[in-house]
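This is what each chain is made of:
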Amino acid sequence: MPLVNVMVNSRAYTIACDEGEEEHLKQLASVVDTKAREVLGSVGQVGDARMLLMAALLIADEHNELTGKIAAEGTGEDEKKTLHLRAEQTEGAAADALESAAKRLEDIAVRLSHA
């Protein structure tokens, strides 16, 4: 499995992905980074785990909204495909943000147990 280095909130994270998914993962990390910066701009520095959680919640909210639009009547096929693709990207970004936050929390817990 390839490892990809991504930046979120000016911090480097190494994430494993399937072969050929490296660029897609970088794009998703860019979405997470954008949301993380939105969080920082609105609430300030709240710690990495909380900031990533809040960013993931914003992304999940967008995903939910896009999924609802896809289900709505009157949406054209091209628009449905576009919305579906954006929803998938948003869902992936949210999952990556939560995975990264969970990893950081696990690392902190390990350090605290050895202290």
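Since the structure is predicted, the reported quantities are computational estimates derived from the model, not experimental observations. (Residues numbered from 1 in each chain as written. Predicted model: local features only at pLDDT ≥ 70, side-chain atom pairs only at ≥ 80, totals over all residues. Heavy atoms only, no water.)

Chemist: Even after reading the chapter, I still don't get the overall build of the protein chain, so can you show me in this structure?
Modeler: Counting its regular elements, the protein chain contains three helices and two strands. Secondary structure elements of the protein chain occur, N-terminal to C-terminal, as β-β-α-α-α. Expressed along its principal axes, the backbone C-alpha trace of the protein chain runs to roughly 60 × 35 × 20 Å. Taking all 115 residues of the protein chain together, 30% fall into the buried category. Restricting to contacts in the protein chain with at least 6 residues of sequence separation, those with at least 24 account for 47%. Total accessible area on the protein chain is roughly 7400 Å²; 53% of this is exposed by carbon and sulfur atoms. Of the charged side chains in the protein chain, 12 are positive and 21 negative, and the gap between their average positions amounts to 7 Å. (Helix = DSSP H or I, 4+ residues; strand = E, 2+ residues; numbered from the N terminus. Buried < 20%, exposed > 50% of the residue type's maximum accessible area, 1.4 Å probe, protein only. Contact = heavy atoms within 4.5 Å. Areas by Shrake-Rupley, 256 points an atom, 1.4 Å probe, with all protein chains shown as cover. Lys, Arg positive; Asp, Glu negative; His and termini not counted. Charge placed at Lys NZ, Arg CZ, Asp CG, Glu CD.)

Chemist: Would you take a moment to explain the environment of K81 for this structure?
Modeler: Structurally, K81 is set in helix α3 (residues 77-113). K81 gets classed as exposed once you look at its relative accessible area, which sits at 58%. Taking C-alpha positions, K81 is 8.4 Å from I70, a pair spaced 11 residues apart along the chain.

Chemist: Looking at this structure, I do not really get the nonpolar core. What am I missing?
Modeler: Taken as a class, soluble globular proteins show a tendency for nonpolar side chains to be buried jointly. By size, the foremost hydrophobic cluster in this structure holds 22 residues, and its most contacted members are V6, V8, Y13, V32, M51 and L52. The biggest single contributor to this core is helix α1 (residues 22-43), with seven residues. Residues within four places of Y13 in sequence aside, it is in contact with V4, N5, V6, V8, D48, L52, S100 and R104. (Core = buried A, V, L, I, M, F, W, Y, C linked by side-chain atoms within 4.5 Å.)

Chemist: Looking at this structure, how should I read the side chain of K35?
Modeler: Positionally, K35 belongs in helix α1. The class for K35 is buried, based on a relative accessible area of 10%. Residues within four places of K35 in sequence aside, it is in contact with A55, L58, I59 and E62.

Chemist: How should helix α2 (residues 48-71) be read in this particular structure?
Modeler: Taking 1.5 Å of rise per residue, the 24 residues of α2 would be expected to cover 34 Å, and the 34 Å separating its terminal C-alpha atoms lies within 8% of that figure. Within α2 the residues assigned to the buried category are D48, M51, L52, A55, A56, I59, H63 and L66. Those residues of α2 that are buried are in contact with β1 (3-8), β2 (11-16), α1 and α3. (Expected span 1.5 Å × (residues − 1).)

Chemist: Explanation requested: a nonpolar patch on the surface in the structure shown.
Modeler: Together, L53, L57 and L98 line one region of the surface with nonpolar side chains, adding up to about 270 Å² of accessible area. Along the polypeptide, L98 turns up in helix α3. For L98, a relative accessible area of 42% translates into the label partly exposed. (Patch = residues over 30% accessible without salt bridge, like charges linked within 9 Å, V, L, I, M, F, W, Y side chains within 5 Å. Salt bridge = Lys/Arg side-chain N within 4 Å of Asp/Glu carboxyl O.)

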